[in-house]
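Chains, contacts and geometry: an overview
The residues making up each chain are set out below.
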Amino acid sequence: MSTVLVFGHKNPDTDTICSALAYAELKKKLGMDAEAVRLGEVSNETQYALDHFRVKAPRLVERVSDEANSVILVDHNEFQQSADDIADVRILEVIDHHRISNFQTADPLYYRAEPVGCTATILLKLYKEHGVEIAPDMAGLMLSAIISDSLLFKSPTCTDEDVKAAKELAEISGTDVETYGLEMLKAGADLSQKTVAELITLDSKEFAMGDYRVEIAQVNTVDANDVLNRQADVEAAMAVKVLDKKLDLFVLAITNILTNDSEALVVGDKHHLFEKAFNVELQNGLATLPGVVSRKKQIVPVLTETATK
């Protein structure tokens, strides 16, 4: 089992899938037997990007320790977001742009974390640092990751470095950023055919916040009613997750990519934490969060601060 598996978090988003592919490609060019894999289903948005640049999705792996002794993590570090058996393998590297939490290793490792909007922005630097040329298809996937994580540069997580990287990757891949980016985001925002179970797991992450276990899912849409018309069913499915995973709180952020606002659906005994954090009163389990589009920068830090006081 000499192959090194490269993967991102469970319920993978576009950055997770595309960065795993791009980094595995870099490691292979540097002589490592590396393979990109995934820990969940591919979203419509990500599939749009893969189809556009004619790249096959990584294969799905249930237990990484059955196939490899060593792994590389991209786009995450928190163990509850990773493979269920992550403690049974050696982590060689982490390339990430999130907070560092619930993470430890027995051996030294290469850890690259930068406060940018997307893992792919860091990967561009790594390609340059190693003097490796980026193939047009990988450049296109990396560009897709930046567009996704930055909501076409509208998210507060987006930095000047992300914008600069996107322009460079667009040139390499021969992509019109605005036209392609909007079409890709719209592909991901079509929730009409999604089941209730898919809505709450498409892009969902679990966080340790002090003594509390909190799960935050997020879906992008052009009409929140695509989800809210099924609110009762969605809440029931969220409640099952709360019980099964012993969560204190489950938040579903329904983000409108046109207005850059979110509706938050909240389930769990500790719903008062959410109300206190955002200075809102839940009405029928729901609250409007004007200007909130980023889980990483606008939801997780605020909730964490309240939960750990």
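See the structure above.
What comes next concerns the included structure. Here the residue numbering is sequential within each chain, running from 1 through the sequence in written order. For a predicted model such as this one, the threshold for reporting local features is a pLDDT of at least 70, and the threshold for listing and counting side-chain atom pairs is 80 or more; totals across whole chains, interfaces and linings nevertheless cover every residue. Think of the side-chain values as coming from all heavy atoms in the structure, minus any hydrogens and water.

Centres within 6.5 Å make a pair out of two Phe, Tyr or Trp rings, where for Trp the six-membered ring is used; the pair is then stacked when the planes are under 30 degrees apart, edge-to-face when over 60, and tilted otherwise. Enumeration over the complete set of coordinates arrives at 5 aromatic pairs. Judged by centre distance (5.4 Å) and plane angle (70°), the ring pair of phenylalanine 53 and tyrosine 180 falls under edge-to-face. A residue pair is termed long-range when its members are at least 10 positions apart, and phenylalanine 53 in the loop between helix H2 (44–52) and strand E3 (59–60) and tyrosine 180 in helix H6 (residues 177–189) qualify at 127 residues. Summarising the burial analysis for this pair, phenylalanine 53 and tyrosine 180 share the class buried. With a centroid separation of 5.6 Å and an interplanar angle of 80°, the aromatic rings of phenylalanine 79 and phenylalanine 103 are classed as edge-to-face. In this pair, phenylalanine 79 is assigned in the loop between strand E4 (70–74) and strand E5 (90–96) and phenylalanine 103 in the loop between E5 and strand E6 (110–113), connecting sequence segments 24 residues apart. By way of ring pairs, the aromatic residues Tyr48, Phe53 and Tyr180 are connected into one cluster. Where helices and strands are cited, they refer to DSSP runs of H or I of at least four residues and of E of at least two residues respectively, numbered from the N terminus. Relative accessibility thresholds used throughout: buried, under 20% of the residue-type maximum; exposed, over 50%; partly exposed, between the two (1.4 Å probe, protein chains only).

Okay, the side chain of glutamate 206 next. Structurally, glutamate 206 is set in strand E7 (residues 204–209). Here, residues are in contact when the closest pair of their heavy atoms is within 4.5 Å. The residues touching glutamate 206, leaving out its near neighbours within four places in the chain, are Glu78, Gln80, Gln81, Arg213, Val214, Glu215, Lys245 and Leu247.

Turning next to the sheet that holds E4. Pairs of strands are assigned from DSSP output, requiring at least two bridges between the strands. Pairing is parallel in the open sheet, where 6 strands are placed in the order E3-E2-E1-E4-E5-E6. With one partner strand each, in any of the chains shown, E3 and E6 form the two edges of the open sheet. Where E5 meets E6, 4 bridges bridge the pair, whose relative direction is parallel. Bridge pairing links glutamate 93 to tyrosine 110 in E6.

With that settled, the discussion passes to the pairing of strand E10 (residues 261–267). By the criterion of burial, E10 is predominantly enclosed, with 6 of the 7 residues buried. With 7 bridges joining them, strand E9 (residues 249–256) and E10 adopt antiparallel strand pairing. When the sheet's bridge partners are listed, alanine 253 is paired in E10 with alanine 264. Between E9 and E10, which follow one another and run antiparallel, lie 4 residues, and asparagine 260 among them has a positive phi close to 60°. In the sheet, E10 pairs with strand E11 (residues 286–289) via 4 bridges, with the strands oriented antiparallel. Among the inter-strand pairings, serine 262 is bridged to a residue of E11, identified as leucine 289.

Moving on to the environment of valine 251. With respect to the helices, strands and loops of the structure, valine 251 is situated in strand E9. Classification of valine 251 by relative accessible area gives buried; the value is 0%. Considered as a pair, valine 251 and isoleucine 299 are 48 residues apart in the sequence and their alpha carbons are 9.7 Å apart. Every residue in contact with valine 251, bar those within four places of it in the chain, is listed here: Glu215, Ile216, Ala217, Met238, Ala264, Leu265, Val266, Phe274 and Leu303.

With that settled, consider the layout of surface pockets. Its boundaries defined by the atoms lining it, the largest pocket holds a volume of some 680 Å³. A cavity here means a set of 1 Å grid points, computed over protein atoms only, where a 1.4 Å probe fits but cannot escape. A pocket is an open set with protein on both sides within 12 Å along at least 5 of 7 lines, and lining residues have an atom within 4 Å of a point. Lining the largest pocket are 40 residues, and of these Asp13, Asp149, Asp203, Gln218 and Arg295 sit closest to its centre. The set of elements that each furnish at least two residues to the lining of the largest pocket consists of helix H1 (14–29), H2, helix H4 (136–150), E7, strand E8 (212–221) and helix H11 (295–307). Top element by residues in the lining of the largest pocket is H11. It accounts for 5 residues. Here the nonpolar group is Ala, Val, Leu, Ile, Met, Phe, Trp, Tyr, Cys and Pro; Asp, Glu, Lys and Arg are the charged ones; every other residue, Gly included, is treated as polar. In terms of residue class, the lining of the largest pocket is made up of 9 nonpolar, 18 polar and 13 charged. Grid points are joined across faces, edges and corners, and a volume is the space filled by probe spheres set on the points.

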